[in-house]
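Here are the chains, one letter per residue:
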There are 2 protein chains.
Amino acid sequence: MANYQNNPIDRTFAALADPTRRYVLQRLMDEPDLSVSDLARPLSLKLPGLMKHLDVLSDAGLIRRTKTGRTVQVRLAAEPMQQAMEWLNQYQRFWSASLDQLTAFVEAQEEP
Amino acid sequence: MANYQNNPIDRTFAALADPTRRYVLQRLMDEPDLSVSDLARPLSLKLPGLMKHLDVLSDAGLIRRTKTGRTVQVRLAAEPMQQAMEWLNQYQRFWSASLDQLTAFVEAQEEP
DNA sequence: CGAATACTTCACCATATGGCAAACTATCAA
DNA sequence: TTGATAGTTTGCCATATGGTGAAGTATTCG
């Protein structure tokens, strides 16, 4: 093989390509600082499985883990998504309809 | 293992996770309807290697291939990126600085 | 027709990924 | 201090991915 996701944007997109990992990210949006077992509870995989996903997310810089006592708090660190977003932005001229959607979305965000 | 990218958004992000494939997409933005060998020429891989990448991109719905005679035209089909984009949009509230950037970008696009 | 061109398919390889059970390492509670 | 709890590490496995060379299929050119 060769290179295997070693640049940041590769790792970001690769991390986002798995539904379990996207689920983790979405949960962390709503409930910050969840523990590893809190995250695992609703999932149908064992802890070692989740660990691997968390490693992928950490390597991509999308989460940060801090251990206090015996529990680990997992927190979102969405910075790398910005790059991913910027990369995708280039393609907007190929779907102007959705450009309108995006504009609406951004405007909605700007309102109080 | 399990599920291996079988839903559309998985396939989209997985397709975007490789630099060769992102290169192909970017070239197709600038020069639509390139042939397979045109795409391969500047790359340091053999045709079968590129073929696999094109298969991944097709399966993700990001390109479309049409054969005329013995040459194949590859065209961008960026629709699935919209979904990817929308997914990423959720995270904007985690980086408001770049939200401003995005707003600027969208506004720039809207000007003639 | 015969040969070159433009892909495509096949068989093969090394490494990655996503999952598990089992064993291990804290840390907190009784 | 024993035991439960929270997480990690270590094999191990099956399948995926990204690459190759070699052979196969059309199509076009001379």
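We now turn to the structure provided with this report. Not measured: the values here are computed from a predicted model.

A word on the nonpolar core. Note on soluble globular proteins: their nonpolar side chains tend to be buried together. Residues L25 of chain A together with L25 of chain B are the most contacted members of the largest nonpolar core, which totals 62 residues. Other than its neighbours up to four places away in sequence, L25 of chain A contacts L16, L57, L62, I63, L76 and M81 of chain A together with W87 and Y91 of chain B.

Glancing now at the side chain of R27 of chain B. Residue and element names in this part refer to chain B. Relative to the assigned elements, R27 resides in helix α2 (residues 19–30). Reaching out from R27, the side chain makes a polar contact with the backbone oxygen of D38 at a distance of 3.0 Å. Beyond its immediate sequence surroundings of up to four residues, R27 is in contact with L34, D38, L39 and P42.

A few words on helix α5 (residues 79–89) of chain B. Counting buried residues along α5 of chain B, eight of its eleven residues qualify, which places the element largely inside the surrounding structure. The set of residues buried in α5 of chain B consists of P80, M81, Q82, A84, M85, W87, L88 and N89 of chain B.

With that settled, consider the environment of S37 of chain A. All names here are of chain A. Residue position: S37 is located in helix α3 (residues 36–40). The exposure class of S37 is partly exposed, given its relative accessible area of 39%. Linking S37 and L47, residues ten residues apart in sequence, is a C-alpha distance of 7.4 Å.

Residues and elements named next belong to chain B. One open sheet holds the three strands; their spatial order is β1-β3-β2, and the pairing between them is antiparallel. The open sheet has two edge strands, β1 (34–35) and β2 (63–68), and neither has a second partner. In the sheet, β1 pairs with strand β3 (residues 71–76) via two bridges, with the strands oriented antiparallel. Considered in β3, the bridge of S35 is made with Q73. Here α2 sits on the sheet in contact with β1, β2 and β3, set at roughly 90° to β3.

We now examine unusual backbone geometry. All names here are of chain A. Phi at D33 takes a positive value of approximately 60°, unusual for a residue other than glycine. With respect to the element layout, D33 can be found in the loop between α2 (19–30) and β1 (34–35). With a relative accessible area of 37%, D33 lands in the partly exposed category.

Cut-offs and rules
Residues numbered from 1 in each chain as written. Chains lettered and ligands numbered in written order. Predicted model: local features only at pLDDT ≥ 70, side-chain atom pairs only at ≥ 80, totals over all residues. Heavy atoms only, no water. Core = buried A, V, L, I, M, F, W, Y, C linked by side-chain atoms within 4.5 Å. Buried < 20%, exposed > 50% of the residue type's maximum accessible area, 1.4 Å probe, protein only. Contact = heavy atoms within 4.5 Å. Helix = DSSP H or I, 4+ residues; strand = E, 2+ residues; numbered from the N terminus. Polar contact = N/O pair within 3.5 Å; in protein donor to acceptor, adjacent residues only side chain to side chain. Pairing = 2+ DSSP bridges. Axes fitted to C-alpha atoms, helices over the stretch in contact; angles between N-to-C directions.

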